[in-house]
Amino acid sequence: LRKDEALREADERLAREPARAEWLYLRGRLEEDPALQAEWFERSLRADPDLAWARYGLGIAALRAGDVARGERLLEEALRAEPDSAEFLLGLAVAAHQAGRLEEARERTLRAAARFPADARFARALVSIELQAADRDAAFLQALRALQAEPLDPAIYDLLLDWLHADDRRIDLAALDHALVRVS
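Note that the structure is predicted; figures quoted are calculated from it, not measured. Along each chain, numbering runs from 1 in the same order as the chain's sequence is written. Given that this is a predicted model, residues contribute local features only at a pLDDT of at least 70 and side-chain atom pairs are listed and counted only at 80 or more, while totals for whole chains, interfaces and linings are drawn from all residues. By convention in this description, side-chain values take in all heavy atoms of the structure and omit both hydrogens and water.

Undergrad: An account of the pattern of salt bridges is needed here, citing residue identities and associated values.
TA: Opposite charge on two side chains makes pairing possible when the charged atoms of those side chains draw close. Salt bridges, as used here, are contacts in which a Lys or Arg side-chain nitrogen is within 4 Å of a carboxyl oxygen on Asp or Glu. Using the criterion set out here, one finds 20 salt bridges in the structure. Its salt-bridge partner being Arg2, residue Glu5 comes within 3.2 Å of it at the nearest N-O pair. Relative accessibility under 20% of the residue-type maximum defines a buried residue, over 50% an exposed one, and the middle range a partly exposed one, all with a 1.4 Å probe and only protein chains included. With a relative accessible area of 26%, Glu5 lands in the partly exposed category. According to the relative accessible area criterion, Arg2 is exposed, its value standing at 52%. Put simply, Glu104 and Arg101 hold a salt bridge, and the shortest N to O gap is 2.6 Å.

Undergrad: For the layout of surface pockets, give the residues involved together with the corresponding values.
TA: Cavity and pocket criteria rest on a 1 Å grid covering protein atoms alone: a 1.4 Å probe that fits but cannot get out defines a cavity, protein on both sides within 12 Å along at least 5 of 7 lines defines an open pocket, and an atom within 4 Å of a point defines a lining residue. Grid points are joined across faces, edges and corners, and a volume is the space filled by probe spheres set on the points. Estimated volume of the largest pocket: approximately 280 Å³. Lining the largest pocket we find 13 residues, and of these Tyr56, Ile60, Arg64, Glu87 and Val94 sit closest to its centre. Put simply, the parts of the chain that give the lining of the largest pocket at least two residues each are α3 (34-47), α4 (52-64) and α6 (86-98). Residues were grouped as follows: Ala, Val, Leu, Ile, Met, Phe, Trp, Tyr, Cys and Pro as nonpolar; Asp, Glu, Lys and Arg as charged; and all remaining residues, including Gly, as polar. Tallied by class, residues from the lining of the largest pocket come to six nonpolar, four polar and three charged. Of the pockets and cavities examined, the second largest pocket occupies roughly 200 Å³. Every residue lining the second largest pocket is listed: Leu90, Ala93, Val94, His97, Thr109, Arg121, Arg124, Ala125, Ser128 and Ile129. Counting from the N terminus, the helices are the DSSP runs of H or I reaching at least four residues and the strands are the DSSP runs of E reaching at least two. Among the secondary structure elements, those contributing two or more residues to the lining of the second largest pocket are α6 and α8 (120-132). For the lining of the second largest pocket, the element with the highest residue contribution is α8, accounting for five residues.

Undergrad: Any details on the packing of helix α9 (residues 136-149) against helix α10 (residues 154-164)? Residues and values, ideally.
TA: Two measures define how a pair of helices packs: the angle their axes make with one another and the distance between the axes. Inter-axis angles, ranging from 0 to 180 degrees, are taken between N-to-C directions of lines fitted to C-alpha atoms, where helices are fitted over the stretch in contact. Remark: α9 packs on α10, axes separated minimally by 10 Å, with the N-to-C direction vectors making an angle of 160°. With respect to α10, the element α9 is oriented roughly antiparallel. Along this stretch, α9 crosses α10, giving a crossing that reads as left-handed. Of the residues in α10, those in contact with Arg136, Ala139, Phe140, Ala143, Ala146 and Leu147 of α9 are Ile156, Tyr157, Leu160 and Trp163. Oblique is the label for every angle not falling under 35 degrees (roughly parallel), over 145 degrees (roughly antiparallel), or within 65 to 115 degrees (roughly perpendicular). Working rule for handedness: look at the near helix, and if it is turned counterclockwise from the far one by less than a right angle, call the crossing left-handed; if clockwise, right-handed. In this analysis, two residues are considered to be in contact whenever any of their non-hydrogen atoms come within 4.5 Å of each other.

Undergrad: A description of α6 should follow, citing residues and the corresponding values.
TA: In a regular helix each residue adds 1.5 Å, so 13 residues correspond to 18 Å; α6 covers 18 Å between its end C-alpha atoms and thus fits that length. Where burial is concerned, most of α6 is hidden: ten out of the 13 residues are buried. For α6, the complete set of buried residues consists of Ala86, Phe88, Leu89, Leu90, Gly91, Leu92, Ala93, Ala95, Ala96 and His97. Residues of α6 that are buried in the fold lie against α4, α5 (68-81), α7 (102-115) and α8. Once α6 finishes, Gly100 follows within two positions and takes phi at roughly 85°, a positive value. For a helix, the expected span equals 1.5 Å multiplied by the number of residues minus one.

Undergrad: Got a sec to walk through the side chain of Glu31? Specific residues and values, please.
TA: Turning to its location among the elements, Glu31 is positioned in the loop between α2 (21-30) and α3. Nitrogen and oxygen atoms within 3.5 Å of one another constitute a polar contact, given that in protein one can donate a hydrogen and the other can accept it, and given that sequence-neighbouring residues count only through two side-chain atoms. At 3.3 Å, the side chain of Glu31 forms a polar contact with the backbone nitrogen of Asp33. If near-sequence neighbours (up to four positions away) are discounted, Glu31 is found in contact with Leu36, Gln37 and Trp40.

Undergrad: Requested: an account of the packing of aromatic side chains, with residues and values cited.
TA: Only the six-membered ring of Trp is used, alongside the rings of Phe and Tyr, when aromatic pairs are assigned; centres must lie within 6.5 Å, and planes under 30 degrees apart are stacked while those over 60 apart are edge-to-face, with the rest tilted. Scanning all chains against the criterion turns up six aromatic pairs. Aromatic side chains Trp53 and Tyr56 sit 5.3 Å apart centroid to centroid with 75° between the ring planes, which places their arrangement in the edge-to-face category. You can see Trp53 and its partner Tyr56 sitting in helix α4, three residues apart, about one turn around the helix. With a relative accessible area of 26%, Trp53 lands in the partly exposed category. Taking relative accessible area as the criterion, Tyr56 reaches 8% and is therefore assigned buried. In textbook terms, an aromatic cluster arises when at least three aromatic residues are bridged by ring pairs, as seen for Tyr25, Phe41, Trp53, Tyr56 and Phe88.

What follows is the structure in structure tokens.
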């Protein structure tokens, strides 16, 4: 659905079931204003204190607001409720990265990538972590992995550009060319 159609659908569902936690959470996901988004997630959590996605939404909202400690706590609670959620695992890795704990972020992301090998989001996250850690070779390998998994994802090309523009200008053009040929 287009966003305006999705908003209309969410509002119609909420009109029918105004206290349903899932609709409140989904309405929050569609909200652009961060403060209003957090309010929707809070309402969702009040409607169903066991809804892990409400805690996840609040955790991500806290991270975006710069409150890493609260964000991590909420994401950990969400993960305890749904330990097999790739989304929640990724959120915790992002929180560690945002807090500057690169080794922890790397380890969390690598473990999650091993559990969900087809999920290119973990490779994309590792590119950012490795670039911040100044390991261009590891970042390049993760960018190639992400590119091979999702060749049409424009975010991966943005990561490759980040890699190309990193401080160290060494570029393995043969490997880059080979990777691009394999995914085209």
